Amino acid sequence: MPRCTHPLALATLALATTAQAQPAPAPSVTLYGVLDLAVYQKQLAGEARNRQVISGGMTTSYWGLRGSEELGGGLRALFDISGFLRADTGETGRSGADSFWGRMAWVGLQDASLGTLRAGRQTSAAFINTIRYNPFGDSASFSPTFLHVYLASATQPTMTGSGASDSAWNNVVSYTTPGWGGFAATLALAPSEAGPAGRRAALSGAYTAGPFSAGLALEKIDRMALSFSKPPAVLPMSERRSVNAGASYDLGPATLYGQFVRTRLDNASTRITLQTTQLGAAVPVGDGRVLASWARTSQEQTALADTTRQTVALGYDHFLSKRTDLYAVLLADRLTGRDSGTGLALGMRHRF
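The notes below deal with the structure included here. (Residues numbered from 1 in each chain as written. Predicted model: local features only at pLDDT ≥ 70, side-chain atom pairs only at ≥ 80, totals over all residues. Heavy atoms only, no water.)

### Side note on the overall build of the chain
Okay, step 1: Looking only at helices and strands, the chain features four helices and 20 strands.
Okay, step 2: A total of 352 residues make up the chain; the buried ones form 43% of that total.
Okay, step 3: Across the chain, contacts joining residues at least 24 apart in sequence account for 55% of those joining residues at least 6 apart.
Okay, step 4: A total accessible area of about 17,500 Å² is found for the chain, and carbon and sulfur atoms account for 62% of it. (Helix = DSSP H or I, 4+ residues; strand = E, 2+ residues; numbered from the N terminus. Buried < 20%, exposed > 50% of the residue type's maximum accessible area, 1.4 Å probe, protein only. Contact = heavy atoms within 4.5 Å. Areas by Shrake-Rupley, 256 points an atom, 1.4 Å probe, with all protein chains shown as cover.)

### A few points about the side chain of T297
Okay, step 1: Within the fold, T297 resides in strand β17 (residues 288-301).
Okay, step 2: Its relative accessible area of 0% is what places T297 among the buried residues.

### A look at the pattern of salt bridges
Okay, step 1: According to the stated counting rule, one finds 13 salt bridges in the structure shown.
Okay, step 2: A salt bridge links R271 to D266, with the nearest nitrogen and oxygen atoms 2.7 Å apart.
Okay, step 3: Note that R309 is salt-bridged to D333, the shortest N-O span being 3.0 Å. Separated by 24 residues along the polypeptide, R309 in strand β18 (residues 304-319) and D333 in strand β19 (residues 324-335) bring together distant segments of the chain. Residue R309 shares its accessibility class with D333, and that shared class is buried. (Salt bridge = Lys/Arg side-chain N within 4 Å of Asp/Glu carboxyl O.)

### Topic: the environment of R334
Okay, step 1: The topology assignment puts R334 in strand β19.
Okay, step 2: Residue class for R334 comes out exposed when judged on its relative accessible area of 54%.
Okay, step 3: Along the sequence, R334 and V312 sit 22 residues apart, while their C-alpha atoms lie 9.1 Å from each other.
Okay, step 4: Those residues in contact with R334, other than ones at most four positions away along the chain, are A45, T308, R309, Q310 and S340.

### Topic: the packing of aromatic side chains
Where two aromatic rings form a pair, the distance of their centres and the angle of their planes describe that pair.
Okay, step 1: Evaluation of the coordinates by the stated rule reveals nine aromatic pairs.
Okay, step 2: Centroid distance W63 to F100: 6.3 Å. Interplanar angle 80°. Geometry classified as edge-to-face. Here F100 lies in the loop between β5 (91-92) and β6 (104-111) and W63 lies in strand β3 (residues 62-72), a separation of 37 residues in the sequence.
Okay, step 3: For F100, a relative accessible area of 45% gives the class partly exposed.
Okay, step 4: Following the ring pairs from residue to residue traces out a cluster consisting of Y40, F142 and Y327.
Okay, step 5: Cation over ring: R66 sits above Y32, and NZ or CZ is 3.9 Å from the ring centre.
Okay, step 6: Between R103 and the ring centre of Y62, over which it is positioned, the NZ or CZ distance is 3.7 Å. (Phe/Tyr/Trp six-rings, centres within 6.5 Å; stacked < 30°, edge-to-face > 60°. Lys NZ or Arg CZ within 6 Å of the ring centre and 35° of its normal.)

### Focus on the side chain of S143
Okay, step 1: Positionally, S143 belongs in the loop between α2 (125-132) and α3 (144-149).
Okay, step 2: Sequence-distant contacts of S143, that is, excluding residues within four places in its chain, are made with N134, F136 and G137.

### Digging into unusual backbone geometry
Okay, step 1: For N171, which is not glycine, the phi torsion reads 60° and is therefore positive.
Okay, step 2: Looking at the element boundaries, N171 is found in strand β8 (residues 168-176).
Okay, step 3: Given a relative accessible area of 38%, N171 falls into the partly exposed group.

### Quick notes on a nonpolar patch on the surface
Okay, step 1: A surface patch of nonpolar side chains, about 470 Å² in accessible area, is lined by L187, L189, L203, L216, L218 and V243.
Okay, step 2: Its location among the elements puts L203 in strand β10 (residues 199-209).
Okay, step 3: The exposure class assigned to L203 is partly exposed, which follows from its relative accessible area of 46%. (Patch = residues over 30% accessible without salt bridge, like charges linked within 9 Å, V, L, I, M, F, W, Y side chains within 5 Å.)

### What to know about the nonpolar core
Okay, step 1: Ranked by size, the top nonpolar core spans 16 residues in total, and within it Y40, M58, F136, F142, Y327, V329 and L331 carry the most contacts.
Okay, step 2: Of all the secondary-structure elements, those providing two or more residues to this core are β1 (28-42) and β19.
Okay, step 3: Looking at this core element by element, the count peaks at three residues for β19.
Okay, step 4: Within the second largest apolar cluster, 15 residues are counted, among which are A188, I221, M224 and L265. (Core = buried A, V, L, I, M, F, W, Y, C linked by side-chain atoms within 4.5 Å.)

All we've got here are geometric facts, nothing functional implied.
Pasting the structure below:
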């Protein structure tokens, strides 16, 4: 067979050989997480004083893996799996009730011009809005909004129902639009699958322009089995409606925050309405920030007297680097008919 010696043919053959030899772009995978430990003298309203070493002062400790793969034509495959951990004991989860990947576990497709489609366990719209518009962010220990909206106990019965549905929802299919002039929206749906979590739907949107940001999240859950603690009874609630609105503005010397959350819970004979208002500020000082937040929740319930809870948090978050900070927080908590409580915490947070 005659050899090919034409320069153009040789160049074409070399390019083809090189292209075949080039490996496909490798998927990108990142290990990430937060370790947060604090010494906390804790006393919420109506509770006994307790000295603890806690995992998750400013941020609940967690770790995870996330990644993406370029599929061509502007399309990317995405995934994110992460789980909580208790750094004070080395155990997984926030408690023994959490699954291993309880923080989130989803896979999706993203196109810059079409948006993002995800399926799996995903952070709820109301939770994102809650942590975005208060100076303490996702602090389950110190953020007054978080304490009122997502955490409750037998002695803290002003639960809005958000805690029962958790910070993330299972079995969700969601769609997020691409950004349009600083605005993006998300629609999320989850079937009941004949389970107690109920059928869920959420619509949310956020707008950011320079120093200003605002967000709104609407959630609806029905066919659920929520046990609402309101002494002297524990009530089974089957429907939940929630409106969560927030805004922030960066003035330069300080960033101001505001939130309003209204939740309605229903069953065949009882309606419970809760309204939470939060005002806060973050002020840069030295190599850190002074954080201040106040929240008030009022609760109305069929045939029972109204109750009110107010919580104030004041802290300083000092950054040793972009990934490591030290913090100190004071907390005061008041609830109708209960003794007032106070708290003091010193902690360290490291991101990786």
